[in-house]
Amino acid sequence: MASPRRSAACIYRPLRSAARLAIGLSCAVVVAPAGAAPSESVASGPVVLLHGLARSARSMQPLADALAATGRRVCNIDYPSTTATVTELAREVVLPAIHQCRDDADTPIDFVTHSMGGILVRQLATLDDAPAIGRVVMLSPPNHGSELVDRMGQWPPFRWWNGPAGSTLGTGPDDLPARLGPATFSLGIITGTRSYNPLFSAWIPGPDDGKVSVASAKLDGMQAFRTVDASHTFIMRDDRVIALTRNFLQSGHFDTIAH
């Protein structure tokens, strides 16, 4: 019997210091079933997971475990999403964590993101010192912003809960999503069509997941797009979404069956 294959699914936790943002690391090892090994089509580099606004790496852990079971090294970054702007988070927090995660500076890094995590990857792609980006799967990304930010972005409770980054995710031409431009990497997008908040959905045109419209999730330059019957809050835990994510990371398509 083949011995179990050990795959690291690391959670990187940024810590605040008086002088600067520092990166703290704690790592949990996931043991895949006996005989499990990555497909020959799977890239050798790490997969970086980025959670959404006002969430934590724990929300991405089931997805991290599923990807680690395929033999991939998974770095699930726990970044302080409500403490700084997207630009600051990308450069001062996420980028240093990625550099700690990677084993080989020449190997492209794949990403799986939820919500604002997708905007972070688009911001990373603009940085001169960012690593090469391989395949990216975005889950419910506000690629053209969210009408909820248009409506509530200046309300004190919204700003208190979502911080500086949240207020930049509106749908206007001067808001961050519109200024970042099309995808310059291999991109698959999955977004939900189930909403549990009728008030929010009344503010969002067309089908939506309770936070982001289907239309807003799309991005010029994407290679694949799927909708699923899932809500914004829990889409990353949906079994169909996990399978589709594995498919895209393996093949660059959603239709290939993940083994």
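Scroll up for the structure.
A brief report on the enclosed structure follows. Please read these numbers as outputs of a predicted model, since none were measured by experiment.

About the thresholds
- Residues numbered from 1 in each chain as written.
- Predicted model: local features only at pLDDT ≥ 70, side-chain atom pairs only at ≥ 80, totals over all residues.
- Heavy atoms only, no water.
- Helix = DSSP H or I, 4+ residues; strand = E, 2+ residues; numbered from the N terminus.
- Contact = heavy atoms within 4.5 Å.
- Areas by Shrake-Rupley, 256 points an atom, 1.4 Å probe, with all protein chains shown as cover.
- Axes fitted to C-alpha atoms, helices over the stretch in contact; angles between N-to-C directions.
- Parallel < 35°, antiparallel > 145°, perpendicular 65-115°, else oblique.
- Left-handed = near helix turned anticlockwise from the far one by under 90°.
- Core = buried A, V, L, I, M, F, W, Y, C linked by side-chain atoms within 4.5 Å.
- Buried < 20%, exposed > 50% of the residue type's maximum accessible area, 1.4 Å probe, protein only.
- Bend = angle between axes of the 7 residues up to and from the residue.
- Nonpolar A, V, L, I, M, F, W, Y, C, P; charged D, E, K, R; others polar.

## What to know about the overall build of the protein
For the protein, the helix and strand inventory stands at 9 helices and 8 strands. Pairs at least 24 residues apart make up 72% of the contacts formed inside the protein by residues separated by at least 6 positions. Only carbon and sulfur atoms are counted for the fraction: they give 54% of the accessible area of the protein, which is about 11,500 Å².

## Examining the packing of helix α1 (residues 61-68) against helix α9 (residues 239-251)
Where α1 meets α9, the axes come as close as 10 Å, and the angle between the chain directions of the two elements is 45°. Comparing their axes, α9 and α1 come out oblique. The two elements α1 and α9 cross, and the hand of that crossing is right-handed. The residues of α9 that touch α1, namely those facing Pro62, Leu63, Ala66 and Leu67, are Ile242, Thr245, Arg246 and Leu249.

## Focus on the nonpolar core
Ranked by internal contacts, the top residues of the largest apolar core, which has 43 residues, are Val48, Leu50, Tyr79, Phe111 and Met116. When residues in this core are grouped by element, the largest group, 9 residues, is from helix α2 (residues 86-101). Look past the residues within four positions of leucine 50 in its chain and what remains in contact with it is Met60, Ile77, Tyr79, Val94, Phe111, Val112, Thr113, His114, Gly117, Leu120 and Val121. Grouped together as the second largest cluster of nonpolar side chains are 24 residues, Ala64, Val228, Ile242 and Leu244 included.

## Observations regarding α2
Most pronounced at valine 94, the bend in α2 amounts to some 35°, and the proline proline 96 follows within four residues. Within α2, the full set of buried residues consists of Val86, Leu89, Ala90, Val93, Val94, Leu95, Ala97, Ile98 and Cys101.

## Re helix α3 (residues 116-124)
Counting buried positions over the 9 residues of α3 gives 9, a clear majority of the element. Three or more residues of α3 are buried, namely Met116, Gly117, Gly118, Ile119, Leu120, Val121, Arg122, Gln123 and Leu124. Tucked into the core, α3 has its buried residues touching β3 (47-50), α2, β5 (109-114), β6 (133-139), α5 (156-166) and α6 (176-179).

## Observations regarding the packing of α2 against α3
Relative to each other, α2 and α3 sit at 80°, their axes nearing to 10 Å. Classified by the angle their axes make, α2 and α3 are roughly perpendicular. Two secondary-structure elements touch here, α2 through Val86, Thr87, Leu89, Ala90, Val94, Leu95 and Ile98 and α3 through Met116, Ile119, Leu120, Gln123 and Leu124. Tallied by class, residues from the contact of α2 with α3 come to 10 nonpolar, 2 polar and no charged.

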